[in-house]
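These are the residues of each chain, in order.
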Amino acid sequence: IAYGGPGFGLCALVGFAALFSLPQALVTAELSSAFPDNGGYSLWVQAAFGDFWAVQESYWSWFSGVVDSALYPVLLYTSATHLIGGLPLNSGAAEGNATAALSLASLGKGDFPDEARATLWSCLGDEDKSCGAEYLYRLLLLLAFTAPNCLSSALVGRGLVGLGLFVMSPYLALVVAALPRARPANFRLRPTKFKPAAMVSVAYWSLSGFDSVSTFAGEVEAPHRTLPRALLCGCLLMVVCYVLPLTAGVLADEEWAHWKDGSLTHVAQLVGGRWLGGWVLASSALSNWGLFSSELLEDSFQLLGMAEAGLAPRFFAVRHPRLGTPLLAILFQLVILSALIGFDFESIMCIDNFFSAAAATLEFAAAVQLRRRRPAMSRPFRIPCGTAGVAALVALPIVIALFVCVSTAMETRATLTIIVVGLAFGLLLYLPLWLRSGAAEAEGAEPAAPSEEGGEQGAAGDSCAPRVNSPPRAIS
C-alpha cells in the first residue's frame with residue numbers, strides 16, 4: 001500500500017493472486033499427486049531436467065525457505081514495538097559506513113535508497129547495549145517458535161489448523177471497528193513514494209509459496225484429493241484476509257503512506273484502543289509462529305527428502321527415534337537462523353525473494369517439460385488442459401518470477417553480492433554428486449520416475465476435461 005497507493009496496491013494484490021498464486025497452486029496440486037513423496041519440487045525438477053538442476057532447485061528453495069523463516073521473529077518483534085513501550089529498536093546505528101558496503105555490518109542498508117537501515121550486527125558493541133538486548137529478544141522468539149517442530153510434526157499440523165480462526169478474528173474486529181472512522185477520501189491520497197518494483201516484491205513474498213506443501217506430500221493422506229482442495233481454498237482465503245483489513249486500515253488511517261512492517265498493530269490501536277491493538281499483536285504472534293512453523297516444517301522435510309534422494313548428506317534423513325521429527329535438519333537450520341535474525345525485514349525479504357522466484361521458474365518449466373516428455377505419467381490430479389494449455393498457464397508466472405529475480409538482485413550492490421555468492425555455492429554443491437556419478441550420467445541420466453500407467457490419460461493429454469485418477473504407487 002505504501003509503495004503504490006491503496007487502489008493500485010489492492011488491485012495488484014488481487015491480480016497477483018490470479019496471475020501467479022493460482023497457477024502455482026494448480027501446478028503444485030498436479031505434480032504433488034504425481035510425486036507423492038517428501039522432496040516435492042526437487043523430485044519434479046530431477047525428473048524433468050536431471051540431477052544438476054535438481055540440486056540447484058533443492059538448494060535455492062531450501063535457502064530461500066531458511067531465509068524466509070528468519071523474517072517472522074523479526075516481524076513479530078517489530079509489531080510489538082508499535083504497542084509495547086520500552087522495547088529496544090535498532091534505528092540505523094551504522095549509517096555512514098560507506099566504505100563497508102559489502103561487509104556483514106552493512107548488508108542491511110540501502111535496499112531502498114531513501115531509507116537508511118542497519119543490521120543489529122553493526123551495533124552490538126555500542127555502549128547502550130540496545131542492539132544486544134534486541135537480538136536477545138529475537139533469539140528467544142526464534143527458540144520458542146522452533147520448539148514445537150522439534151517435538152511433533154503432527155502437532156504442528158493440528159496447531160496450524162486450529163490457529164486459523166483465532167488469527168483471523170481480530171482482523172475482522174479491526175474491519176468492524178474501522179467502519180465508523182472510514183474516510184473514503186483517504187483512497188484519493190497519493191503515496192509519498194511510488195515504487196512498483198518494491199510493491200511487486202512485497203506482493204510476491206505475501207502471495208507465493210503454495211509449492212511448499214509438496215515437500216511433505218509423503219506425509220499427507222490421499223494427496224491427490226487433499227492438496228487440490230486445500231491449495232485452492234487457501235488461495236481464496238489468502239486474498240480475502242489481505243484485502244479486507246488493508247482496505248479498512250486505509251479508510252481509517254490517513255497516514256497509510258508511512259506504513260511499514262507491523263503497522264496494522266498501530267492501526268488496530270488507533271481504531272479500537274489498546275485492547276484491539278493487544279489482540280492484533282497476540283494474533284500476530286501466533287500467525288508469525290504459524291508461518292514460521294510451516295516454513296520450518298517444509299524446509300526440514302525438504303532436506304530430509306533431498307537426503308533420501310541422494311541430493312544432500314545422508315545424516316539429514318535421520319529422524320528422532322521416538323518423536324519421528326527430522327531433528328538434525330531442524331537444528332542445522334536453527335544455527336543459520338540465529339545469524340539471519342540480526343538483519344532487518346526488508347533485507348531478508350530481498351534475498352528470500354530472489355532464490356524463491358528462481359526456484360519457482362524451474363518448477364513452472366518442469367511442469368511443462370513433464371507434460372511434454374512424459375504425457376502418460378500417472379497424475380491422479382491433472383490440470384484440466386493439455387500441454388499447450390499448461391504452457392500458457394505458466395508463461396506469465398515465469399515472467400513475473402524473472403522480474404522479481406532481476407529487481408531484487410539489482411536493489412543494492414550488497415544484495416547482488418550475496419546472491420552471486422549464493423548461486424556459486426549451489427554450483428559447488430553439485431560437485432560431489434558429479435564426482436560420484438560421472439560426467440556422462442550428470443549430463444544425461446534421469447531418475448527413477450513414477451509408473452507410466454494410464455495410457456488413456458496420456459492420450460487425453462490435450463483434452464481440457466478435468467481428470468482425477470487412482471493414486472499412484474509410492475516412488476522409491
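Above this text is the structure in question.
Residues numbered from 1 in each chain as written. Predicted model: local features only at pLDDT ≥ 70, side-chain atom pairs only at ≥ 80, totals over all residues. Heavy atoms only, no water.

A.B. asks: I'd like a rundown of the overall build of the chain, residues and numbers included.
C.D. replies: Regarding its fold elements, the chain presents 16 helices and two strands. Evaluated residue by residue, the chain yields a buried proportion of 55% over its 476 residues. Contacts spanning at least 24 positions in sequence make up 82% of the contacts within the chain whose residues lie at least 6 apart. For the chain, the accessible surface area stands at approximately 20000 Å², while carbon and sulfur atoms represent 68% of it. (Helix = DSSP H or I, 4+ residues; strand = E, 2+ residues; numbered from the N terminus. Buried < 20%, exposed > 50% of the residue type's maximum accessible area, 1.4 Å probe, protein only. Contact = heavy atoms within 4.5 Å. Areas by Shrake-Rupley, 256 points an atom, 1.4 Å probe, with all protein chains shown as cover.)

A.B. asks: I'd like a description of the pattern of salt bridges, backed by residues and values.
C.D. replies: It is possible for side chains bearing opposite charge to pair when their charged atoms get close. Taken as a whole and assessed by the stated rule, the structure comprises four salt bridges. One salt bridge connects Arg 379 with Glu 30, and the closest N-O pair in it is separated by 3.3 Å. One end of the pair, Arg 379, is in the loop between helix H12 (345-373) and strand E1 (381-382); the other, Glu 30, is in helix H1 (residues 6-34), with 349 residues separating them in the sequence. Comparing Arg 379 with Glu 30 shows no difference in burial state: the two are buried. Notably, a salt bridge pairs Glu 134 with Arg 138, separated by 2.7 Å at the nearest N-O pair. Of this pair, Glu 134 and Arg 138 both sit in helix H5 (residues 130-151), four residues apart, which is roughly one turn of that helix. Judged by relative accessible area, which is 1%, Glu 134 ranks as buried. Ionic contacts of the salt-bridge type, sharing partners, join the residues Glu 30, Arg 371 and Arg 379 into one network. (Salt bridge = Lys/Arg side-chain N within 4 Å of Asp/Glu carboxyl O.)

A.B. asks: Describe in detail the nonpolar core, supporting the description with residues and values.
C.D. replies: One finds Phe 20, Val 27, Phe 35 and Trp 259 to be the most contacted residues of the largest nonpolar core, which totals 100 residues. Ranked by the residues each element gives to this core, the list is headed by H12, at 16 residues. Setting aside chain neighbours within four positions, we find Val 27 in contact with Trp 44, Glu 363, Phe 364, Ala 367, Ile 383 and Val 394. (Core = buried A, V, L, I, M, F, W, Y, C linked by side-chain atoms within 4.5 Å.)

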